Amino acid sequence: QVFEGERARTKDNNQLGKFELSGIPPAPRGVPQINVVFDIDANGILNVSAEDKSTGVKNKITITNDKGRLTKDEIERMVQEAEKYKADDEELKKKVEAKNGVENYAYNMRNTIREEKVASQLSAEDKEKIEKAVDECISWLDGNQMAEVEEFEHQQKELEAICNPIITKMYQGAGGGAPGGMPDMGGMGGDAPPPGAGGAGGPKIEEVD
């Protein structure tokens, strides 16, 4: 879905249009990579396209000035509302970012230790320790979607305290560098190795409802 507006949540903004990507095979959370491009020309016509990197499946939508767009008065009202609720929106944004942070870390860690090249270098005890911590964290998230920023941050620190030393030890045992094909560990804190370059570039798209 494509929206225009100044608010943090999609429901408080104006929907311009929507399109679907179909035919994408099932994959673990955090694995699919969707490349989204926004392009607006000199006439104010907006083209939004999305492509699944693994399959090449793509779709797009063109949004013109004369369909579904806000009037000048509606834009002014929306800007005023954004200013009025700025503090609330900022608080919501922090909460969503904190939730996404621990959620992404947990799922990335789960996917990483299931990679053959990583799993083969972990002892059964260490692998089980990480899996248990990740499962407990995800279970907590499922039951605490509306938790406070501090609670999300605490959960991430607790998970990092268990996982990071194990992953760091694994890298050191491999000669201090990530073996070829090692998955990107972007988002890891503490003493973890530097994140791979695969997570850089492109806009960050998040659904905050």
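Residues numbered from 1 in each chain as written. Predicted model: local features only at pLDDT ≥ 70, side-chain atom pairs only at ≥ 80, totals over all residues. Heavy atoms only, no water.

A.B. asks: Whenever I open this one, the environment of Ile-45 confuses me. Can you help?
C.D. replies: Among the structural elements, Ile-45 can be located in the loop between strand S3 (34-40) and strand S4 (46-52). Overall, the relative accessible area of 24% leaves Ile-45 in the partly exposed class. Those residues in contact with Ile-45 that lie beyond four places of it in its chain are Asp-39, Ile-40, Thr-62, Ile-63 and Thr-64. (Helix = DSSP H or I, 4+ residues; strand = E, 2+ residues; numbered from the N terminus. Buried < 20%, exposed > 50% of the residue type's maximum accessible area, 1.4 Å probe, protein only. Contact = heavy atoms within 4.5 Å.)

A.B. asks: For this particular structure, what's the right way to read the pairing of S3?
C.D. replies: Working note: regular strand, side chains alternate between the two faces of the sheet. Sheet topology places S3 next to S4; seven bridges connect them, and they run antiparallel. Bridge pairing links Phe-38 to Val-48 in S4. Counted along the chain from S3 to the antiparallel partner S4, the turn is five residues long, and its residue Gly-44 has a positive phi close to 80 degrees. (Pairing = 2+ DSSP bridges.)

A.B. asks: Quick question: what am I supposed to make of the packing of aromatic side chains here?
C.D. replies: The geometry of two aromatic rings is summed up by the distance between their centres and the angle between their planes. Applying the stated criterion across every chain, the model contains one aromatic pair. For the pair Trp-140 and Phe-152, a centre-to-centre distance of 5.8 Å together with 85 degrees between the ring planes defines the contact as edge-to-face. Remark: Phe-152 occurs in helix H5 (residues 149-173) and Trp-140 occurs in helix H4 (residues 124-143); sequence separation between them is twelve residues. The burial state of Trp-140 is the same as that of Phe-152; both residues are buried. (Phe/Tyr/Trp six-rings, centres within 6.5 Å; stacked < 30°, edge-to-face > 60°.)

A.B. asks: In this structure, what is going on with the packing of helix H2 (residues 86-113) against H4? I would like to understand it.
C.D. replies: When two helices pack together, you describe them by how their axes are tilted relative to each other and by the distance separating the axes. It is the contact of H2 with H4, at a shortest axis distance of 10 Å, that shows an interaxial angle of 150 degrees. Relative to H4, H2 is oriented so that their crossing is left-handed. Along its contact with H2, which presents Val-102, Glu-103, Ala-106, Tyr-107, Met-109, Arg-110 and Ile-113, the element H4 presents Lys-127, Ile-130, Glu-131, Val-134, Asp-135, Cys-137, Ile-138 and Leu-141. Among the residues making up the contact of H2 with H4, the classes are represented as ten nonpolar, no polar and five charged. (Axes fitted to C-alpha atoms, helices over the stretch in contact; angles between N-to-C directions. Left-handed = near helix turned anticlockwise from the far one by under 90°. Nonpolar A, V, L, I, M, F, W, Y, C, P; charged D, E, K, R; others polar.)

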